[in-house]
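Descriptive analysis of the structure
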Amino acid sequence: MAAPGVCPSCGSAALVEDAHYAQQQLVCAACGCVLAEGLLTTTYTDEEHLREVAYSQSTGQKEQLSRCLQRGIRRVQDLCKVLQLPAVFEETAVSYFQRALQHPSFHLVSLEKKELLGGCCVFVTCRQHNWPLTMGTICSLLYAKQELFASVYLSLQKELELSVPALSLADLVKTHLNSFRLFQHGADIPAPFVEDREKMITRTMQVVELASETWLVTGRHPVPIVTAAAFLSWQSLQPAARLTCTLARFCKLAGVDLPPPAHLRLKELLEILLRMASQLAWLRVFKMDKKTVVKHIEDLLQHRIFLLKNAFCLEGEEEPRAAAPAEGSPGSAPAAGGAAQEKDCPSKGKRQREGSPWPLLPPCLINPRKRLRTAAPSASGSAVTGDEPISDSEIEQYLRGPEEIQTFRKAKGWP
């Protein structure tokens, strides 16, 4: 056993006291061995009186992170790594998650909602940095229902007063198409079905813009529209080998789900394209149908503005056409019949006169699912003249004095 004042490691007597981070230590100057450690202190006053200080007080950490917060932070960090987000995004998402757990509105929520809270913070961060990310992508990574995720997201946005910009349709097209498996050769994908990514994204955005200009986007879920537009764009790039492929097989090869309304959006887009093709001079000699019109999508998109103007009645163009028969022209009777036909559903091409423009209306007005009901006139909207009769149950509200009440009782013959 080493003698007092001697280093037990090397036997040297050169022992010195060293204050390391306000903690006194007895160190051997020859070999660096630490013989004894003093009390942990944080201030000079504590050093003088050798008062023992807790570690949390010396480091400024007054309380440890709860287990729920630690798990949530790890979940947010793992989600950012899976999405390959920058480090700045991860820091912002973690700060939002910490603020959310400290908010009283999220103290008593279910465990399932707390687990989705981290995904909502990542989703908000990506939207604020204009990073294209859809709610469906987050839900697929978290195995969550979109309805529940949306409710948590709206609560987070409301309680923390976060400003979240909406994702543009162009960003949504790029994000949705990036998940397709048709851009590289695979064992289950035939060679003619492989397409260039940039060409398909460009053509799909043009078709989506056409759908937006013809009222097919307003009030609709965007994913079925993007899916139908991507299918038409993919077919039009190599129509000879792809016209026989169905929408269901296309989605299966692309590795994406087929939304149920996509068939309806595809039908509406084809009707728009057929109407535009009837106005193009070099296509009138051909008998266009829903398959052959796909071959000419490039020409139709190139002259989109001109064809839409000629194929549809734009705003302010229907009144002159309706007033033309009143001038006594020889074609007044057929024109009147044509005007009556234009009020019908423009999707039924057989009922339209050849060459007559359709009204450009939203699909909900062209093919209404239910008969529109006229709202009943409200009581406040009716004119008040002052001569309306007053019922006996309401007249007492207008009587004030006891003499008036007694007079009214005598007039009615009441006791």
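Residues numbered from 1 in each chain as written. Predicted model: local features only at pLDDT ≥ 70, side-chain atom pairs only at ≥ 80, totals over all residues. Heavy atoms only, no water.

Before going further, it helps to examine the overall build of the chain. Within the chain, the secondary structure is distributed over 20 helices and five strands. Burial statistics for the chain: of 415 residues in total, 34% are counted as buried. Long-range pairs, those at least 24 residues apart, make up 56% of the contacts in the chain between residues at least 6 apart in sequence. As displayed, the chain has an accessible area near 26600 Å², and 53% of this comes from carbon and sulfur atoms. (Helix = DSSP H or I, 4+ residues; strand = E, 2+ residues; numbered from the N terminus. Buried < 20%, exposed > 50% of the residue type's maximum accessible area, 1.4 Å probe, protein only. Contact = heavy atoms within 4.5 Å. Areas by Shrake-Rupley, 256 points an atom, 1.4 Å probe, with all protein chains shown as cover.)

The next point concerns the environment of L79. Note that L79 resides in helix α3 (residues 67–82). Note: C-alpha distance between L79 and L141 (62 residues apart in sequence) is 8.2 Å. With residues near it in sequence (within four places) discarded, L79 still touches G119, V122, I138, L141 and L142.

Moving on, we come to the packing of aromatic side chains. Scanning the entire structure with this criterion turns up eight aromatic pairs. Taking the centre distance of 5.1 Å and the plane angle of 75° together, the rings of F193 and W234 count as edge-to-face. One end of the pair, F193, is in the loop between α8 (169–178) and α9 (197–213); the other, W234, is in helix α10 (residues 222–237), and 41 residues separate them in sequence. Here F193 and W234 have matching classes, each one buried. One aromatic cluster is present, formed by F180, F193, F231, W234 and F250 through successive ring pairs. (Phe/Tyr/Trp six-rings, centres within 6.5 Å; stacked < 30°, edge-to-face > 60°.)

Quick look at the pattern of salt bridges now. In this structure the tally under the stated criterion is seven salt bridges. Where salt bridges share partners, they join E209, E213 and R304 into one cluster. (Salt bridge = Lys/Arg side-chain N within 4 Å of Asp/Glu carboxyl O.)

Now for unusual backbone geometry. Phi at N130 takes a positive value of approximately 55°, unusual for a residue other than glycine. Mapping N130 onto the fold places it in the loop between α5 (111–128) and α6 (135–142). For N130, a relative accessible area of 58% puts it in the exposed group. For E161, which is not glycine, the phi torsion reads 55° and is therefore positive.

Glancing now at α10. Between the first and last C-alpha of α10 there are 23 Å, a value that for 16 residues agrees with the 22 Å anticipated at 1.5 Å per step. Among the 16 residues of α10, 13 are classified as buried, and the element is accordingly described as predominantly covered. (Expected span 1.5 Å × (residues − 1).)

The next point concerns the nonpolar core. Buried together is how nonpolar side chains tend to be arranged in soluble globular proteins. In terms of nonpolar packing, the biggest core is built from 52 residues, with F180, F250 and L300 touching the most fellow members. Elements with a minimum of two residues in this core: α8, α9, α10, α12 (247–254), α13 (262–277), α14 (297–302) and α15 (304–311). Ignoring anything within four residues of it in the chain, the contact list for F180 reads M200, A230, F250, A254 and V256. Counting residues in hydrophobic clusters, the runner-up holds 34 residues, among them V76, F97, V122 and L156. (Core = buried A, V, L, I, M, F, W, Y, C linked by side-chain atoms within 4.5 Å.)

Moving on to the side chain of H296. As for its placement among the helices and strands, H296 is situated in the loop between α13 and α14. Here H296 is in contact with L283 and M288, once residues within four sequence places are set aside.

Within the element layout of this structure, N178 appears in helix α8. Judged by its relative accessible area of 44%, N178 falls in the partly exposed class. Along the backbone, N178 and I201 are 23 residues apart, and their C-alpha atoms lie at a distance of 8.8 Å. Those residues in contact with N178 that sit more than four places away from it in its chain are R197 and I201. Here R197 takes part through its side chain, which lies 3.2 Å from a polar atom of the side chain of N178. (Polar contact = N/O pair within 3.5 Å; in protein donor to acceptor, adjacent residues only side chain to side chain.)

Assignment of secondary structure puts A241 in helix α11 (residues 239–242). When its relative accessible area of 33% is taken as the criterion, A241 is described as partly exposed. As for A241 and P192, which are separated by 49 residues in sequence, their C-alpha atoms are 6.5 Å apart. Setting aside its immediate chain neighbours within four residues, A241 contacts P192 and F193.

Time to look at the confidence of the model for the chain. On average, residues of the chain score 76 in pLDDT, and 72% of them are at 70 or above. Long-range and interchain partners of residues 315–354, a stretch whose pLDDT sits below 50, account for 29 contacts in this model, where long-range means more than four residues apart. (pLDDT = per-residue confidence, 0-100.)

Our next topic: the side chain of T214. Mapped onto the elements of the fold, T214 is located in the loop between α9 and α10. Not counting residues up to four positions away in its chain, the partners in contact with T214 are I272, L308 and L360.

To continue, consider the state of the cysteines. A covalent bond between the sulfur atoms of two cysteines is what we call a disulfide. Evaluated as defined, the whole model comprises zero disulfides. Looking at C120, it has no disulfide partner, and the nearest cysteine sulfur is the one in C121, 6.9 Å off. (Disulfide = S-S within 2.5 Å.)

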